[in-house]
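Overview (structure and organization)
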Amino acid sequence: MRSDVSTTSGVFEANRARGAVRFDVHARDGVTRRGTLHESGSLRVRFPSPEDQGLSGVFVNTAGGVAGGDRFDIEISAADRARLTLTTAAAEKVYRAPGPAAQLNISLKAGAGAHLSWLPQETILFDRARVQRRFDIALDETASLLLCEIVVFGRTAMGERMEQGEFVDRWRMRRAGKLVLAETVRLDGDIGAKLARSAVARGGAAIGTALIVPGDEALVERIREASESCSGEVGISAWNGFAMARFCAQDAARLRAEMMAALARTGAALPRLWLN
C-alpha cells in the first residue's frame, strides 16, 4: 500500500504545471519598449502591435488552467517613465485540487514616473479548488498603478457553485520603500456557507478589487457616483496616498460590467480583451 501511495504521489508531482515569466520595460524618447524577457514552462507573454507610447502584454497559460500543486511566477519591472498594461488572453480557471494548493506569485515594480496597469480577466475557482496567491508591489513615490482583480466562486451561468476549497490572497505594497498596504484574505473549508453570510458576500459569487495609486478623496467621490447604479455592493476608501475599491455581485458578468463603469471614472484605458 505504501508503495502504491508513493507512486501515485510521484506521478501527481511529475504532472504539475510550472511556469515563469520575467521581463522589464523601459522608456526611450517617450516610447515604451520591452527589455530582457525570460519565459519557462507553460506560461507565456505576448505583445500586440506597438502603441503610440505605452506597451501592452498578454499572458497565456498553455497548461489550460491551474490545478493543485501547480506553480506560476511572474516578475515585472517598469523603468522610469515607462507605461505598461498587462492582461490575460482568457479567464484563468483553477480546478479541483486533491493535493497541495496551487501557488501564484506576482511581483510588480514601477520606477519614477512610470505607470503600470495589471488588468487580468477573471480568476474562476471550481468547487474544491485550492490556491494561494501573493502580490508583492514596489512603487517609486511618483509611480502610478491600477491593479484590478476579479475572483469568481463557481460558474453560476453553468449552475455551479464553489462549496469547499481554499483561497488565500496576500497583498503587500511599498511606496518609496515604505510599506503602505498589507492585507491577506483567507477563505477555506465551507466557502459556500461563508459567502452566504451577510457580513461576507451576502450570497454573492463574484468579488472584485481595484487598487489605484495615487488615490485621494476626489477619486473616491467619482467612483462612488458611478457605483450608485450598481446592483451589487461597492465600497471604496482612500488612505496612505492610494484608493481601494471593492465590489461584490451575484455573478461575474454583472460584476465585470459594474467594475468597468467605475474604472472609467479613473480615466483608465481598459485592454481591448476586456471589451470583447
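Residues numbered from 1 in each chain as written. Predicted model: local features only at pLDDT ≥ 70, side-chain atom pairs only at ≥ 80, totals over all residues. Heavy atoms only, no water.

Describing helix α4 (residues 252-264)
Spanning 13 residues, α4 covers 18 Å between terminal C-alpha atoms, matching the ideal 18 Å at 1.5 Å per step. Against the buried residues of α4 lie β12 (144-153), β15 (206-213), α3 (217-227), β17 (242-249) and α5 (272-275). The distance from a side-chain oxygen at the start of α4 to the backbone nitrogen of A253 is 3.3 Å, and the residue carrying that oxygen is D251. (Helix = DSSP H or I, 4+ residues; strand = E, 2+ residues; numbered from the N terminus. Expected span 1.5 Å × (residues − 1). Contact = heavy atoms within 4.5 Å. Polar contact = N/O pair within 3.5 Å; in protein donor to acceptor, adjacent residues only side chain to side chain.)

Quick notes on the packing of aromatic side chains
Aromatic ring pairs are reported here in terms of the distance separating the ring centres and the angle at which the planes meet. Going through the model one piece at a time under the given rule, you end up with 7 aromatic pairs. A centroid spacing of 4.9 Å and a plane angle of 45° characterise the contact between Y95 and F126, whose relative ring orientation is tilted. Of this pair, Y95 sits in the loop between β7 (92-94) and β8 (102-110) while F126 sits in the loop between β10 (123-125) and β11 (130-139), and the two are 31 residues apart along the sequence. Exposure remark for F126: the relative accessible area of 17% places this residue in the buried category. Between W239 and F242, the aromatic rings sit 4.6 Å apart at their centres with planes inclined by 55°, giving tilted as the arrangement. F242 gets classed as buried once you look at its relative accessible area, which sits at 0%. Three or more aromatic residues joined by ring pairs make a cluster, and in this case those are F59, W118, F135 and W171. (Phe/Tyr/Trp six-rings, centres within 6.5 Å; stacked < 30°, edge-to-face > 60°. Buried < 20%, exposed > 50% of the residue type's maximum accessible area, 1.4 Å probe, protein only.)

Some words on the pattern of salt bridges
Counted by the stated rule, this structure contains 15 salt bridges. The residue R133 makes a salt bridge to D169 at a minimum N-O spacing of 2.8 Å. With R133 in strand β11 and D169 in strand β13 (residues 164-175), this pair connects stretches of sequence that are 36 residues apart. The residues R133 and D169 share a single accessibility class, namely buried. The network of salt bridges with shared partners includes R133, E149 and D169. (Salt bridge = Lys/Arg side-chain N within 4 Å of Asp/Glu carboxyl O.)

Concerning the confidence of the model for the chain
Of all residues in the chain, 93% have pLDDT values of 70 or greater, and the mean over the chain is 89. Contacts from residues 1-8, a stretch scored under 50 in pLDDT, to residues over four places away or in other chains number 0 contacts. (pLDDT = per-residue confidence, 0-100.)

Quick look at the layout of surface pockets
For the largest pocket, the calculated volume is near 690 Å³. Lining the largest pocket are 35 residues; nearest its centre among them are T85, S117, A269, L270 and P271. Those elements giving two or more residues to the lining of the largest pocket turn out to be β4 (55-61), β6 (83-88), β9 (115-118), β12, β15, α3 and α5. Considering each element in turn, the lining of the largest pocket owes the most residues, 5 residues, to β6. A per-class count over the lining of the largest pocket returns 17 nonpolar, 13 polar and 5 charged. (1 Å grid on protein atoms, 1.4 Å probe; cavity = no way out; pocket = protein on both sides within 12 Å on 5 of 7 lines; lining within 4 Å. Points joined across faces, edges and corners; volume = space filled by probe spheres on them. Nonpolar A, V, L, I, M, F, W, Y, C, P; charged D, E, K, R; others polar.)

Here's the deal with the pairing of β8
Taken across its 9 residues, β8 has 7 buried, putting it largely inside the fold. Of the strand pairs in this sheet, strand β5 (residues 71-78) and β8 are connected by 8 bridges, and their pairing is parallel. Bridging across to β8, I74 finds its partner in I106. One ladder, built from 9 bridges, connects β8 with β11; its direction is parallel. (Pairing = 2+ DSSP bridges.)

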